[in-house]
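Observations on the three-dimensional arrangement
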Amino acid sequence: DAERRRVLKWELTRGLYEMGLGKADIQELYRLVDWLLRLPDDLEARFHEKLYRFERKRNMPYVTSAERFGIEKGLQQGIKKGQVISGRQAVLELLEVRFGSVPEGVRERVNAEMSSERLHRWHRRAATCPTLEDLGLARVR
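One numbering rule holds for all chains: residues counted from 1, following each sequence as written. Predicted model: local features are reported for residues with pLDDT of at least 70 only, side-chain atom pairs are reported and counted for 80 or more only, and whole-chain, interface and lining totals are derived from all residues. Side-chain measures here rest on the full set of heavy atoms in the structure, leaving out hydrogens and waters.

**Side note on the pattern of salt bridges**
Each salt bridge in this description consists of a side-chain nitrogen of Lys or Arg and a carboxyl oxygen of Asp or Glu lying within 4 Å of one another. A full pass over the atoms with the stated rule returns 10 salt bridges. Here the residues in one salt-bridge network are Lys9, Asp34, Arg38 and Glu44, joined through shared partners.

**Description of the packing of aromatic side chains**
Aromatic pairs are defined between Phe, Tyr and Trp rings, using the six-membered ring for Trp, whenever the two ring centres lie within 6.5 Å; interplanar angles under 30 degrees are classed as stacked, those over 60 as edge-to-face, and all others as tilted. Counting across every chain of the model gives 4 aromatic pairs. For the ring pair Trp10 and Phe54, a centre distance of 5.3 Å and an interplane angle of 90° mean the geometry is edge-to-face. With Trp10 in helix H1 (residues 2-18) and Phe54 in helix H3 (residues 41-59), the pair connects residues that are 44 residues apart, well separated along the chain. When sorted by exposure, Trp10 lands in the same class as Phe54, which is buried. Between Tyr30 and Phe47, the ring centres sit 6.2 Å apart and the planes meet at 5°, which makes this aromatic pair stacked. Remark: Phe47 occurs in helix H3 and Tyr30 occurs in helix H2 (residues 23-36); sequence separation between them is 17 residues. By the burial criterion, Tyr30 is buried, and Phe47 matches it. Grouping aromatic residues by their ring pairs yields a cluster made of Trp10, Tyr17, Tyr30, Phe47 and Phe54. Only when the NZ atom of a Lys or the CZ atom of an Arg is both within 6 Å of the ring centre and within 35 degrees of the ring normal do we say a charge sits over the ring. Residue placement shows Lys9 over the ring face of Phe47; its charged tip is 5.0 Å from the ring centre. The helix count covers DSSP runs of H or I at least four residues long, the strand count covers runs of E at least two residues long, and both are numbered beginning at the N terminus. A simple rule labels every residue: compare its accessible area, found with a 1.4 Å probe on the protein chains alone, to the largest value its type can have, and call it buried under 20%, exposed over 50%, or partly exposed in between.

**Remarks on the nonpolar core**
For this analysis, a nonpolar core means a set of buried residues of the types Ala, Val, Leu, Ile, Met, Phe, Trp, Tyr and Cys, connected via side-chain atoms within 4.5 Å. Formed by 15 residues in total, the largest nonpolar core has its most connected members in Leu95, Val110 and Leu135. Of all elements in the fold, only helix H4 (65-99), helix H5 (104-112), helix H6 (116-128) and helix H7 (132-135) reach the threshold of two or more residues within this core. Here the element with the most residues in this core is H4; it accounts for 5 residues. Pairs of residues are marked as contacts when any of their non-hydrogen atoms sit within 4.5 Å. Setting aside residues no more than four positions away along its own chain, Leu95 makes contact with Gly100, Val102, Val106, Ala126, Leu132 and Leu135. Ranked by size, the runner-up nonpolar core spans 10 residues in total, among them Leu16, Leu43, Phe47 and Leu51.

Nothing here speaks to function; it is geometry throughout.
Here it is in structure tokens:
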């Protein structure tokens, strides 16, 4: 029962904190608990949200403005990287569906692209161009 495992995992994890152990000891024992009590992704997310709130309530750490700036910048970079990766996947998948296969040179060109805007344009063009050659990836820059 996944829900019961989530409750048990929470009780064990909370108990580690209440025993007064140091952070390193808690983390090491938590690895064992995490390994023994695997949860489906949705329950794992709920567990981690609860653990995050619990830790914040116990420690109340102060985050400096420089740290907040760094965290925000890292999040933005992660979002942009995710957009680029999904843009690449979308272009290649559409080309495979429309034309059966994607030549290695075209695949390399798409995988090397870092601009999510350019990938979006390629995706739109790939949906309407009559042939793979008309996509013109070699000419696009």
